[in-house]
Amino acid sequence: MKKLGLLLLVIVTMFACAAPETKTADATTSSDPKSGTFTSLDDKSQKVKELLEAYMNNDSTKIYEYYVDSVEIFDQMAANQEGGVTKANPGGRAGFAANERMNHDYFSDIKVTTDKIMTFVYADGTTHSGVWCTWTGKGKFTNAAISAPLHLVFVWEGDKVVTEYRYFDPAALYVEVAASQTK
């Protein structure tokens, strides 16, 4: 009898382990306001890819199409740190577009990988797109080949970018700018 009971226990355990889990995780009912969904197949991820492709081609028209005029760009450039806090770069959309075009004054063959773009829609409705990529280019003054990791976060309101956060090491740009001043 003990052997039959043991056999029955093993069979029940095997079926229990093989049964699909019925518990579902529903982000919309979570009490965590930073829960939500993510996808790479949405229109915002596609717009970010278009922005990156336009940047590689020194084309700022997508910036004027997808950013609000008063966009705030946060990065470590232009000594915009005050009291341990990074301030937005000056100039809004026009200043940002000029800065993006200026990169092509210092570098040729600029490429950015576009295979890791994802849009996050939080439970509170906030929408961000993130990019994890590699930036490459060739210095026009140093002739150095540069490869650097780059992380971008786009904050959306409707179909427009209102804020962008840019994380990268600007050392190669500083070297190229300095070299341009000596030639």
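Worth saying up front: this structure is predicted, and the values here are computed from it rather than measured.

Asker: Give a description of the pairing of strand E9 (residues 160–167) that names residues and reports values.
Answerer: Pairing between strand E2 (residues 67–74) and E9: four bridges, direction parallel. For phenylalanine 74, the partnering residue across the bridge sits in E9 and is tyrosine 165. Sheet topology places strand E8 (residues 145–157) next to E9; seven bridges connect them, and they run antiparallel. Across the sheet, residue glutamate 157 finds its bridge partner in E9, namely lysine 160.

Asker: Outline the nonpolar core, listing residues and values.
Answerer: Grouped together as the largest cluster of nonpolar side chains are 27 residues, with contacts concentrated most on Tyr67, Val131, Trp135 and Phe154. Elements that contribute at least two residues to this core include exactly helix H2 (43–56), helix H3 (61–66), E2, helix H4 (92–106), strand E5 (107–112), strand E7 (127–139) and E8. Discounting chain neighbours no more than four positions away, the residues touching tryptophan 135 are Tyr55, Phe107, Ile110, Lys111, Val112, Ile146, Ser147, Ala148 and Leu150.

Asker: How would you summarise the environment of lysine 111 if you had to cite specific residues and measurements?
Answerer: If you trace the backbone, lysine 111 turns up in strand E5. For the pair lysine 111 and glutamate 53, spaced 58 residues apart in sequence, the C-alpha separation works out to 8.4 Å. Contacts of lysine 111, omitting those with residues within four sequence positions, involve Met56, Thr134, Trp135 and Thr136.

Asker: Please provide a residue-by-residue account of the layout of surface pockets, values included.
Answerer: If you add up the space inside the largest pocket, you get close to 700 Å³. Secondary structure elements with two or more residues in the lining of the largest pocket: H2, H3, E2, H4, E5, E8, E9 and helix H5 (171–182). With 11 residues, the top contributor of residues to the lining of the largest pocket is H4.

Asker: Got a sec to walk through the pattern of salt bridges? Specific residues and values, please.
Answerer: Across all of its chains, the model carries nine salt bridges by this definition. Ionic pairing is found between glutamate 50 and lysine 62, a salt bridge with its closest N-O pair at 3.6 Å. Taken together, the positions of glutamate 50 in helix H2 and lysine 62 in helix H3 put the pair 12 residues apart, joining distant regions of the chain. Relative accessible area serves as the criterion here: at 22%, lysine 62 is assigned to the partly exposed category. Of the charged contacts, one joins lysine 116 and aspartate 115 as a salt bridge, the two residues approaching to 3.8 Å between their closest N and O atoms. Overall, lysine 116 belongs to the partly exposed group, its relative accessible area being 48%. Taking relative accessible area as the criterion, aspartate 115 reaches 58% and is therefore assigned exposed. The network of salt bridges with common partners includes Asp75, Glu100, Glu164 and Arg166.

Conventions used here
- Residues numbered from 1 in each chain as written.
- Predicted model: local features only at pLDDT ≥ 70, side-chain atom pairs only at ≥ 80, totals over all residues.
- Heavy atoms only, no water.
- Pairing = 2+ DSSP bridges.
- Helix = DSSP H or I, 4+ residues; strand = E, 2+ residues; numbered from the N terminus.
- Core = buried A, V, L, I, M, F, W, Y, C linked by side-chain atoms within 4.5 Å.
- Buried < 20%, exposed > 50% of the residue type's maximum accessible area, 1.4 Å probe, protein only.
- Contact = heavy atoms within 4.5 Å.
- 1 Å grid on protein atoms, 1.4 Å probe; cavity = no way out; pocket = protein on both sides within 12 Å on 5 of 7 lines; lining within 4 Å.
- Points joined across faces, edges and corners; volume = space filled by probe spheres on them.
- Salt bridge = Lys/Arg side-chain N within 4 Å of Asp/Glu carboxyl O.

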